[in-house]
Structures are given as C-alpha cells and as structure tokens.
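So you can see what is in the structure, the chains are spelled out below.
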Amino acid sequence: MVTEFFDAINVWLIWILPFAGAAIIPAIAKGSKSARNYIAVGFALASAASAATLIPTALAGHEVHSQVSWISALDLKAGVLADPLAIIMTNLVAWISFLIMVYSLGYMHGDRDLTRYWFFMLFFIGSMQLIVISDNLLMVFFGWEGVGLASYALIGFWYHDRKKDYVGVEGHRAGGIAMWTAPTHAGMKAFLMTKAGDVMMLAGMFLIFAYAGTFGFKELLADQGWAQAMAAENLLVPAAVLLFGGAVGKSAQFPLNEWLLEAMTGPTSVSALIHAATMVKAGVFLVARIGPLFFALSALNTGQFFEVVAWTGAITAFLLATQALVSPEIKKVLAYSTGSQIGYMMMALGIAGISLNYVDGYTAGFFHLMSHAMFKASLFMGAGAVLHTVHSRFMTDMGGLKKYMPKTYMFMLLAALSLAGAPLFTSGFWSKDAIFAAVLESGYSQAMPLFIMAVVVAVMTAFYTFRMIGMTFFGGKSKHVEKIEHEGHHVHEVGAVMWVPFGILAVATIIVGVSGFLFEEQLHHLFEEYLGESFGIHEAAPATERVFLNLNPVAAAASFGAFGVGAALGYVFYIARKADPAAIGRNIVTRGIWTFLYNRWYLNTALYWGGVIGPMAIYRFIWRYFESTIIDGINPAFQGAMTYMSRWVKGSQTGITQTYLFVFGAGILIVVMLLLL
Amino acid sequence: MAESFFLLAATFIPLLLAPVAYFVGKKSGAGTVTWFSFGVLAVSTGLLALPALALQGGMSAYVESYQWSQFGNFGLRLDGLSLPFAMIIYILCTVLAIYSKPYMIHKIMEDMPGASRHENPGHGGQVTLTADQQSYVNHHMGLYFALYLAFSMGMFGTVLATNVIEFYVFFELMLVPSFFLVAFYGYGARRRIALMFFFWTHVGAVVLLLSLLTMGFFAGGFDFDTIRANAHLIPQEWLALIIFGLVAGLGVKLAAFLLHIWLPYAHAEAPTPVSALLSPAMIGIGAYGLLRLWLELLTGSYEQYSLYINMWGLATIIYGGAMALMQDDIKKVLAYSSISQMGYILFGLGSESVLGITGATMLYVTHGLGKAVLFMMAGSIILQTGTRSMSKLGGLAGKMPYTAVIAMIGALTIMGVPPTSGFMAEWTMFNGVLQTAANDGDWFRSAMFGFGIMGTILTSAYILWMIKRIFFGKIPEEMAHVKEASPYVTATMAAFAALSLIIGVYPDLFLAPVSDYVQGMFADYPGVLPIPEGSGLIEPAEGSSVGLEEGLSVGAEAGGNH
C-alpha cells in the first residue's frame, strides 16, 4: 500500500529535518552562537524522535511506503520506505548521531568555524537518513553523494592544514610516497576514491534502469521481467557486482580502503560519525538493502554476487586487521579496526546469500553492524576525549592515563572488550559468534578458508584492542604527558557533556551483550518475518543442532579461543608489560613483516604511483609535446606560412620598370604563340 | 503570419537598444547603463518566459514566422529543443549584466592610459576620478554594454532560427560583438587572441555554411521544415560530405578535441563576464546546431555516424580534463574544463538513445549555470586579489566565505554531484549511453561508457584540486587583508547556484519538454532507443493485503502485512 505524503509525514521528516536544520543554521548563527549550537543538536534529536515513532511499526512487522511525484518526464517518483530493516537502521543512525552531536558540544567547544561544522554534521545525518529511508536507488544515490560531500567537507574541516591536524608520522615514506597527510588532501582523497566506487554503483543502477525503467525497490521486486531479461544477456550478476562496487568505495573495502585512514584528519567527533553511524555503514546497508532482492532472484544464478561480497569482506577484514597491529596512532587503530569489522559484516551478508539459511547470515551481519555502531562510536568518542586531554594523536605520547581519566578509561575498556569479543557479556562477542556460526553452517564449499580467516582476524582484533588500551591507559606516563604537565597543563577527566554520550553507548553494548542471545533471537525473528513477507525468503532447512544458549559449538569455541589468545598476548606485551615489543625490531624477519604492515602493504604507494603520479606524468607529457607544441604551433605555423608566401609574392614586385616591361613582353609573346598553335 | 510578437521582440529589443546603451553609458555613467542593460535583457527574458510557460503547459512548439526573401521564411521557434538553450542564454546574459559593473569598471580603469596600477584592488569605483578619467570610463562602459547587448541577441537568435540561412546570419552576428569584446577589454595579447578567435570560429562557420547551402539546394528550400521533409532527396554521397561539414564547422564552435585551438586563449583572456558568456552559453550552441541541423533535419543519417560522435566526445572529455590538471591559471583550468564538458555533450549526442540526447541537452543547461558560477568566482578572485595564478593563492575560504561556498556549488554542478543540476544531466546522459551499449550487446560501446563515466573522476579531480589551491591551505602573507567581493558579484553568483540546485531537485522544468521533444524527433526511428518504461507498482486488488507477492514466484503468503 502506498500512503500519502502527509500520512507518512513522520517518515519523511526523518531525513527532511536534518536538512532543514542545516539550512537554517547559518541564519541562526547570525543571531546567537549558543542558540545555534543547541538548535543544531535539537534538530538531530527531532529527527531521532521522528525515527522512534516507527519502532512499533517495525515490531509489528509492518511497513510504511509513501510516494510523491518527482520527475514526470521519466516517470520517476520520490518515496520513502520504512520497512523493519530501514526502521532499525534509521533509529540506530539517528540516536547514535544525536549522542555524537551532544558530544560535539564539548569536543568542538570554542572552534571558530562551528557554523560550518553544524551545517555539515546535520547535512551528513540527513544524507545518511536519505540512504536508509528512500524507496528507490536514485534517491539513495542523492544521499550517497551527500555523505560523500559531507565527509569531504568534514575530513578537511581544518582547512588551513596546520601540522597538528595532519595524520600519519611526519617523515614516513613508503616507496617514495609520503604517508603523512594534510586535512584538505585527505578530504580530496576520500572524495575521489569513493567516487570511483560511486561510478561503479551508477553503472549498476543504469543497467538496471535500462531494463527495468525504474529505480524503486518495491517496483523491482514486483515485476521481475527485467531480471530475466538481464540474466538472459548475462548482465544480472555484473549489475549486482557494480552496485556492490559503490558499497566497496563507501565502506572502505579492499581495494578502495585507503581513504579511510587519512579520513582521521577530521575532528574526532566526525570520525565517530563516519565510522559508527554514517558513511561506511552506508555500504553495508546498501548490501543489506539489495541483498534480499538478489537472493529472491537466486533462480537466476545470483550466487556469484554473494561470493564476491563474502570474499571482499574476508580479505578486507584480514588486510586491515594486520595493519592495525602496528599503528602508533590511536585513531588510526580504530580506523583500521572499522574497515576490518565491516569486512566481517560484508562476509556475513555475502555468506548469507550462498547458504541455505539466508536469514541466519543476514541477521548475523546486521547484528554486527548494530553492535559495532555502538562500541565504535563509544571508542572514538573516548579516543577523542584522550586526544582532547593530551593534545597528541600518538599512543606513545599517552600512557598511564588510567588514574587521570577514570571514567574515560572505564567506558573505553567496556567498549574495547566488546570490540575484542569478550565472551558472554559483550555485544561484540555475540554478533561475531553469529557470523562464525553462519559461515560454518553455510554449506558453502569454501566455507573453511573463510572461517579460518575470520578466526585469525578475531585473534588480531583482540590483540590490537588490548594493545591500544594498554598503551593509552597503562604503564608509566610518557615523556609527552610529563612535558605538558610541566608546562602547566593539568591532565584531567573530560566534562560530562563528553563522557556521558560515550558512557551511554558503552553501557548499551554491555546490556545488549548480557542479553545477547535473546537479542539475537528477537532480531532473527524480526528478519525472518520481514524477509519472508516482503521477499518470500524462508528458512529452507532447520537450523543445525545448537547447544547451550543456542550456540554453535565450533563457532563458540573459536570465539572463546580467539579472544583468549589475542587478549593474552596483548596483556603480556602492553598491560602487564612482561615482554618488550621492541624485540620485534631486532629480528630481521619480524622486522620485515613489521615494515610491510607499517607501510600498509604498500597499497597506498601503489595507489599513488598508479593513480596519481603515473597519469599526471602522462598528462604532462601530452601537455608539453602535443598541446603546447603541436596544437599551439598551428597558429604560428599558419602565420609563418603566410609570411613566407607574401615574401615570395613580394619578390616579384621589384618596382623596376624594365623588369615589368620584360615580363609584359614575354607574356604577350607566349599568348601570341599559343594563339598561333 | 504570427499573431503575437513575443520572440521577435525578445530577439530584437536588445539589438535596437544597443546604440542607446552606448549613449546612456556615455551620458549617465556606469551605474545607469548597467541597470539599463539589465532592464532591457530582463524585459526580453520576460517576453521569452511567456511562450515558455505555454510550452510547460503542454504546447509542443510556439512559432513566429514572417515572409522574408527567396531563402524562405524568417521564423522564430520555441520548442522543447530550443527552450533550454534560449532560456539559459537570456538568464545568463541578464544576470551577468549586473556582475559586469564592478568587474568592467575595474578592468577599464586598469587599462586607462596613464593609469597607475591599482595599489588596492577590490575597491573598483571607489577611487575618486578626474573628469577626464570619468568620461573615459563612461565611454567604455557604454561601448561594453552596447556590444554586450548585441552579443546576447546574436546567441539568442541562433537558437530560435527556423531557416538555415537565418541560423547562419545569427551565428555570425554573435561572433562579431564577441570579437570586439575580447579585442577591447581582454587581457594579455588581446588583439591577437581576438583575431585568432575570430579566424577559427569564422572558418568553422564558413564550412558550416557550405553544408547548409548544399542541404538547401538539394532539398529545394532553406526552411528547416522543407529540409526535414525533403531530406531523402539529398544523394547519399553528398550526405556524407554535408554531415562532415556540419560536424567540423560546429565542432570548432564546440572546441571539440583537435579543433579546440582557439578556446583556451579566448576564454582565459576575455574579460571575465564575457568568459562567463562565451564558455557556458556560446560554445554550447555548437551542440544545439548539431541537434537541430543534423539530428533533427537529417535524422536518417544519425545512426550511421553516431558512434564516431560518441568516440570524439570521449576523447574530448579525457583530453580536456587532463589538460585542465596541468594549468596554474584559474581561467585556463576553466577553459579546458569547458572543452571537457563539451566532450560530455558530444558523448551524449552520440548515444543513440533518447535518454542520452536529452541528457546532453540538460548538460548545456547545467554547464551554463555551473561554469558561469566558476568563471564568476575566478573574476571575484581577480578583483579581490589581483591575481589568477593558483600558486599565489590559498586559504581564501576564510576571507571570502560567500565566494567559496557558492563556488563550491558551481564546482559540484560541474562534477555532477547531486543535488545540483549537474547530476540530473549526467545520469540521464550516461544512462542513455549504457542503454544503447547493453541493448546492442556492444562491447565497444560498453568500454566507451566505462571510460566516459570514469572521466567524471578526472573532472572531480581537477575541480577539487582547483578549489583546494584557491580556498584551502595556508594563506599567503600578501593575501592577509583580502576582503569578500561586493554583493554585485556574490549575489549574482548565488542566483545561478540557486537555480542549479532548483533544477537538480526538480528537473522537470527542462527535462520534461526536452525529453518529450527528443522522443518525438525519433518516433519513426526504432534504432534510437526510447526512454525505458517501468511497469510500475502493481496496485493491490481490493481486499488483498499486499501487492508485492503477486509478482513473486517464491512462495509468498498474503496477509498479515497491513
């Protein structure tokens, strides 16, 4: 049923409100600065409240679909679609964004350009909500580019490119490429790299439009003639993979992962927003949005699409987890970890499509998205609190902060335990375990390699999480901390406006963790109904035998083991400090591995040589030897030719009468002879 | 005979009042002549808007036709094709007239014989002048606006013409005033550059004329209608030659790859308000010519050559973009960017699909707005800082916030990012190209699509890099006291930026008449793919709960959803 605009006004307002707020912020800023700040946060709250009105609809398994006419020339409508998937996501986005906005009141306090900050934060939230709540791909793309634009503006927020706003270690080069980056450079890099993904997504959309004549999710599902026509031409899977290309760019999956690390040049609140609620989650959401559609078409062999998704996720999870092991910057550890965890989500959403029980993998992936959103937002805001206090992004400049910042320590520890997957009481454990189980039970022929990768990543995750906590909060005070104390700065806890938001999220992740299996079951039930009713996807086989708390024994053992090994190693090196990590540098093999990881597998180097320096050299060559020489040479060449010809003609104009007479006479003679002949 | 004279008046009022503008400027000064010219153009735009509204209301074409000479009738025709062109040309001309005031006063005073160079740019008009200097400025402002009005009228007439000879006359009429504008008020070696500009575009025009005459002779008349009706009378071997002449002649105007020799100089060295007309409004008329004179009049030959146009467009996109990356001068970046954008239009024109050709037309609209904003930004920078070399600029976002924000909207328009009009144009255009490729199963066209859409990354790169070098980073010391430009500059820029956003969100204003018209143009040619049609939502039958399951083959249970 398509409802009228005003009957579904609460759905429309979810994305309209943040944009409206962004539009009036500059005007309000002219009047009162503090009113501006509170009104910005107020609009985020209003949008969240609007999203909350939909929760009963989701719990009842209903949906709201509303359309208005838009581009009549192409018979396209604008619309919002609040089905259970969108409702859960929109609430997650709205409430986490709201908490981050509150946190911003403290974190960004005193910045000169707050009007711009609030404008783009609201724009960011509005764009993300547009992605979540739209009922067609074209509007999703509006939001898609909106988050790209907002991230460009916010990553490069400190556009004066001062040294303290850089990211990376100054002087660090890999293969001739500087690995430290200015904010505006980082913003541009993010925009262009995600643009590469966007281009693929557009191509996928265009292919579908050329066959279906519509972008609407509902319309695409209602009449599947387009899919049959495309499958007949072998275009269906390519179109799906191209759409996924957009998700690869936005969610920083391999091979478009490099922008995410430089994106750390933005204010930490922005990083929290990008990593927890918006931007990178957009890609996962897109896969969750189109996944069921393509699974419903699995009679047309769409399995390959899901394989691509699963493997992309697994590779990214592994790649970025290894890099997180060696990063000295606290925000970058978290950034690597985001990419890696999103890899998990992609893996789950991918494996869902290959397995018989689509709902299991789907639930696992989405559950991990939710739990990651909570703990990662909390971790970023906590890291921001630390940065705010010690004025350095390097963990080597921290250390021993536990007793100075007890609240930050406590909440970050809780969130970190969730990221590391501490068994039974953290949401991260349950969601990761669900992914392991989904992979194991998928029946996919390559499930084992995927599973092993997933477990190895879990070990690394636990290790780098403990490393981060250890380096930041344990051990003695670093020289830097001593120095700033000496200079008269007092290292102290941050204000309530900052710690309350990340405290709430840290506690939430534990609450979800303690009730983990119940929560998962509820989610599973909700998605089972949703997928069944909207897409006709049902459990094809009864779930495998489960034991205690509905756990898969192998998966659970792996979760426990991975956490144990990773956490123990991290504890020994960085918290108890029984062993010295500097030992790595003394062995040639470990040092080689360390360098390889520290230089980010040389992917950034390859990107710059192949994508920037190489093409620029070619362009410069063309510029110099074609445009400037040949094309610009045409005019002078014409001119030269004319001058030459005129000189040649001029040579006959001697001005000597005898010559003229002689030529005249010769001419007459020739004419006469011609006549005689 | 026509019963109303809206278009006739809209076309000739600016021309007739051009000499008046000169005397107004000379007698009453810069301010008066600015508002006089603005008024003249605003009235003309209003006269255009009346029939344009009728078109929005569903009328297919509005034509005024007059007896002329043995060449046929002199007509002015507003339809789905000429509407976006005519509208954008007059909107640009009208608003840019206001922008011209501070800029041209500054420019004329800079060139004044015996004038000392400005110590403090950015205060054009605020300096006290002697009587002689005042009359010098007034004289030149009058002359500038007289030429400006004539130039506007030339462009406008070209897109409304209904007769090939009439088309050619207007086509040349717009060239003459623009030549003088560059020669009198340009930068650098302006006379030389004006001559080069004139020479190349005139040669192009003459080649075009040969084709037009040949068409007319074979078809037995020079009116568009006659030629379209009798296109089959043109022998095949001549047809190829005619098309070659059309494409080459208009290609010069478009500054397509290899014929772009004149453009970087003319656009960079013209006075900025004129650059903002040359680039967005004038060169795109080449695309209009191709649409009208080739695609519409000789529709039968279109499919045969479309692929070459497509390829040429791709080459132009990449080449223009690559060369734009090499520039340090803001206006040169924008000049090469215009070349690249004309490549997009050609790319769409060669798409063999209604969607693609519609998109190409929309690109004219969007490029007009976006590039005008960017050229105006360049002008604003020149006015306020006295330089246009990006290596000397930086960090100006804090000093010139309005210029920076509006320029960013212009940049997004050129990059094709929603919600600007650029996206609406680009997606329809690229979708058309891919539609043909997919429909024909043609790997070559698919590859071209791939490269073309990757070209948008190149476009984004040079635009963002330009913005970064002007507005971000450290502020050079000598720029520490730069101020925001006057409202004459920022408000006019904002007008275009706003229009771009409006069209981006509500594209029907232009998209609907254009797509209808293009659809009609190719109604008899199934090879040119129509706009894909959706089957739409299957509305649930009375009593049943959800409509979606009906289309599903997998077991669906009705009920319980609502």
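Residues numbered from 1 in each chain as written. Chains lettered and ligands numbered in written order. Predicted model: local features only at pLDDT ≥ 70, side-chain atom pairs only at ≥ 80, totals over all residues. Heavy atoms only, no water.

Engineer: Teacher, can you tell me more about the overall build of chain A here?
Structural biologist: For chain A, the helix and strand inventory stands at 26 helices and five strands. Dimensions of chain A, computed from C-alpha atoms along their principal axes, come out at roughly 125 × 70 × 60 Å. Counting the 677 residues in chain A, one finds 62% classified as buried. Sequence-distant contacts in chain A: of pairs separated by 6 or more residues, those separated by 24 or more amount to 81%. Where the 38 positive side-chain charges of chain A centre and where its 38 negative ones centre are 17 Å apart. (Helix = DSSP H or I, 4+ residues; strand = E, 2+ residues; numbered from the N terminus. Buried < 20%, exposed > 50% of the residue type's maximum accessible area, 1.4 Å probe, protein only. Contact = heavy atoms within 4.5 Å. Lys, Arg positive; Asp, Glu negative; His and termini not counted. Charge placed at Lys NZ, Arg CZ, Asp CG, Glu CD.)

Engineer: Even after reading the chapter, I still don't get the overall build of chain B, so can you show me in this structure?
Structural biologist: A count of helices and strands for chain B gives 19 helices and two strands. Against the compact-globule benchmark of 24 Å for 562 residues, chain B has a radius of gyration of 24 Å, which places it among compact chains. Reported as C-alpha extents along the three principal axes, the dimensions of chain B are approximately 85 × 65 × 45 Å. When burial is assessed residue by residue, chain B has 65% of its 562 residues classed as buried. Considering only intrachain contacts with a sequence separation of at least 6, the fraction spanning at least 24 residues in chain B is 81%. As displayed, chain B offers around 18300 Å² of accessible surface, 65% of which is attributable to carbon and sulfur atoms. Placing the 23 positive and 33 negative side-chain charges of chain B at their respective mean positions leaves the two points 21 Å apart. (Rg over C-alpha atoms; globule rule 2.2 N^0.38 Å. Areas by Shrake-Rupley, 256 points an atom, 1.4 Å probe, with all protein chains shown as cover.)

Engineer: Would you explain the interface of chain A and chain B in this entry?
Structural biologist: The extent of an interface is frequently quoted as the accessible surface area lost upon association of the parts. If you look at the interface, chain A gives 68 residues, while chain B gives 82 residues. Taking both partners together, chain A and chain B bury about 6400 Å²; carbon and sulfur atoms supply 67% of that area. In this structure, the connection of chain A to chain B is made through zero salt bridges. Counting every contact that joins chain A to chain B gives 14 residue pairs in polar contact (both at pLDDT 80 or more). Residue assignment for the side of chain A that touches chain B shows that the elements contributing at least two residues are strand S2 (64–71), helix H6 (137–155), helix H7 (183–212), helix H8 (217–222), helix H22 (516–535) and helix H25 (603–650) of chain A. No other element matches the 16 residues that H7(A) contributes to the side of chain A that touches chain B. Tallied by class, residues from the side of chain A that touches chain B come to 40 nonpolar, 15 polar and 13 charged. (Buried area = accessible area lost by both parts, 1.4 Å probe. Salt bridge = Lys/Arg side-chain N within 4 Å of Asp/Glu carboxyl O. Polar contact = N/O pair within 3.5 Å; in protein donor to acceptor, adjacent residues only side chain to side chain. Nonpolar A, V, L, I, M, F, W, Y, C, P; charged D, E, K, R; others polar.)

Engineer: Please explain unusual backbone geometry as it appears in this structure.
Structural biologist: With the exception of glycine, the majority of residues adopt a negative phi angle, and the majority of peptide bonds are in the trans configuration. Between Phe254(A) and Pro255(A) the backbone carries a cis peptide bond, its omega angle lying at 0°. Here Pro255(A) shows up in the loop between helix H10 (236–250) and helix H11 (259–262). For the peptide bond that leads from Pro418(B) to Pro419(B), omega is 10°, which places it in the cis range. Mapped onto the fold, Pro419(B) is located in the loop between helix H15 (401–415) and helix H16 (421–440). Phi is positive for Arg577(A), close to 55°, though the residue is something other than glycine.

Engineer: Sorry, what's going on with the packing of aromatic side chains here?
Structural biologist: The way to describe two aromatic rings as a pair is by their centre distance and the angle between their planes. Per the counting criterion, the structure on display carries 93 aromatic pairs over all chains. Relative to Phe257(B), the ring of Phe626(A) has its centre 6.3 Å away and its plane inclined at 40°; by these criteria the two rings are tilted. Pair noted here: Phe626(A) is in helix H25 and Phe257(B) is in the loop between helix H8 (236–254) and helix H9 (263–269), and the two residues belong to different chains. Residue Phe626(A) is classed as partly exposed on the basis of its relative accessible area, which comes to 23%. Geometrically, the ring pair formed by Phe85(B) and Tyr288(B) is edge-to-face, given 5.0 Å between the ring centres and 65° between the ring planes. Of this pair, Phe85(B) sits in helix H3 (residues 82–111) while Tyr288(B) sits in helix H11 (residues 285–296); the two residues are 203 residues apart in sequence, bridging distant segments of the chain. Overall, Tyr288(B) belongs to the buried group, its relative accessible area being 0%. (Phe/Tyr/Trp six-rings, centres within 6.5 Å; stacked < 30°, edge-to-face > 60°.)

Engineer: Where do I start with the sheet that holds S2(A) in this structure?
Structural biologist: Note: strands within a sheet are paired through backbone hydrogen bonds, in either parallel or antiparallel orientation. Residues and elements named next belong to chain A. With mixed pairing, the three strands of this open sheet are ordered in space as S1-S2-S3. Edge positions in the open sheet fall to strand S1 (2–3) and strand S3 (76–82), since each of these has one partner strand only. Where S2 meets S3, seven bridges bridge the pair, whose relative direction is antiparallel. Across the sheet, the residue bridging to Ile71 is Leu76, located in S3. (Pairing = 2+ DSSP bridges.)

Engineer: I'm lost on H7(A) in this one. Help?
Structural biologist: Within an α-helix, residues lying three or four positions from one another point in the same direction, as the helix has 3.6 residues per turn. Taking 1.5 Å of rise per residue, 30 residues should cover 44 Å, and H7(A) covers 42 Å from first to last C-alpha, within 8% of that figure. A positive phi of about 70° marks Gly213(A), the residue just after H7(A). (Expected span 1.5 Å × (residues − 1).)

Engineer: Quick question: what am I supposed to make of a nonpolar patch on the surface here?
Structural biologist: Together, Phe638(A), Met642(A), Tyr644(A), Met645(A), Phe199(B), Val203(B) and Val207(B) give the surface a local cluster of nonpolar side chains, amounting to about 660 Å² of exposed area. Taken together, the elements giving at least two residues each to the nonpolar patch come down to H25 of chain A together with helix H6 (190–219) of chain B. Among the elements that line the nonpolar patch, the one with the most residues is H25(A), at four residues. Mapped onto the secondary structure, Phe199(B) falls in helix H6. (Patch = residues over 30% accessible without salt bridge, like charges linked within 9 Å, V, L, I, M, F, W, Y side chains within 5 Å.)

Engineer: So what exactly am I meant to see when it comes to the environment of Thr278(A) here?
Structural biologist: Residues and elements named next belong to chain A. With respect to the secondary-structure elements, Thr278 resides in the loop between helix H12 (268–277) and helix H13 (280–296). When the C-alpha positions of Thr278 and Tyr602 are compared, they lie 28 Å apart, and in sequence the two are 324 residues distant. In this structure Thr278 touches Val93, Phe124, Met128 and Leu273, once residues within four positions along its chain are discounted. Polar contacts involving the side chain of Thr278 include one to the main-chain carbonyl oxygen of Leu273, which spans 2.7 Å.

Engineer: For this particular structure, what's the right way to read the pattern of salt bridges?
Structural biologist: Close approach of charged atoms allows side chains with opposite charge to pair. Using the criterion set out here, one finds 22 salt bridges over all chains in the structure. The salt bridge partner of Arg162(A) is Asp165(A), with a shortest N-O separation of 3.4 Å. Take Asp165(A): its relative accessible area is 6%, and that puts it in the buried class. Residue Arg445(B) pairs with Glu352(B) through a salt bridge whose shortest N-O separation is 3.2 Å. With a gap of 93 residues between them, Arg445(B) in helix H17 (residues 443–471) and Glu352(B) in the loop between helix H13 (330–349) and helix H14 (354–385) connect regions that are remote in the sequence.

Engineer: Honestly, the packing of helix H4 (residues 131–160) of chain B against helix H10 (residues 272–282) of chain B in this entry has me stumped. Any pointers?
Structural biologist: A pair of packed helices can be characterised by two numbers: the angle between their axes and the separation between those axes. Residue and element names in this part refer to chain B. Relative to each other, H4 and H10 sit at 5°, their axes nearing to 12 Å. Judged on the interaxial angle alone, H10 and H4 are roughly parallel. Residue-level inspection shows Tyr144, Tyr148, Phe151 and Met155 of H4 in contact with H10, the latter providing Pro273, Val274, Leu277, Leu278, Ala281 and Met282. For the contact of H4 with H10, the residue count by class is ten nonpolar, no polar and no charged. (Axes fitted to C-alpha atoms, helices over the stretch in contact; angles between N-to-C directions. Parallel < 35°, antiparallel > 145°, perpendicular 65-115°, else oblique.)

Engineer: Explain the nonpolar core here, please?
Structural biologist: Buried together is how nonpolar side chains tend to be arranged in soluble globular proteins. Ranked by internal contacts, the top residues of the largest apolar core, which has 466 residues, are Leu298(B) and Phe471(B). Examining the composition of this core, we find that 20 residues originate from one element, helix H16 (residues 358–390) of chain A, more than from any other. (Core = buried A, V, L, I, M, F, W, Y, C linked by side-chain atoms within 4.5 Å.)

Engineer: Explanation requested: the pairing of strand S1 (residues 61–69) of chain B in the structure shown.
Structural biologist: Side chains on a regular strand alternate between the two faces of the sheet. Residues and elements named next belong to chain B. Summarising the sheet, S1 and strand S2 (residues 72–79) pair through eight bridges and their orientation is antiparallel. For Ala61, the partnering residue across the bridge sits in S2 and is Asp79. Linking S1 back to S2 in an antiparallel pair, the connection comprises two residues.

Engineer: What exactly am I supposed to notice about the pairing of S2(A) here?
Structural biologist: Residue and element names in this part refer to chain A. Within S2, six of the eight residues are buried, which leaves the element mostly enclosed by the surrounding structure. Note that S1 and S2 share two bridges and pair parallel. The residue of S2 that forms the bridge with Val2 is His65.

Engineer: What exactly am I supposed to notice about the side chain of Thr201(B) here?
Structural biologist: All names here are of chain B. Tracing the sequence through the fold places Thr201 in helix H6. Thr201 sits in the buried class, given a relative accessible area of 2%. Here the side chain of Thr201 touches Phe198 through a polar contact of 3.4 Å, landing on its backbone oxygen.

Geometric values such as these leave the question of function open.
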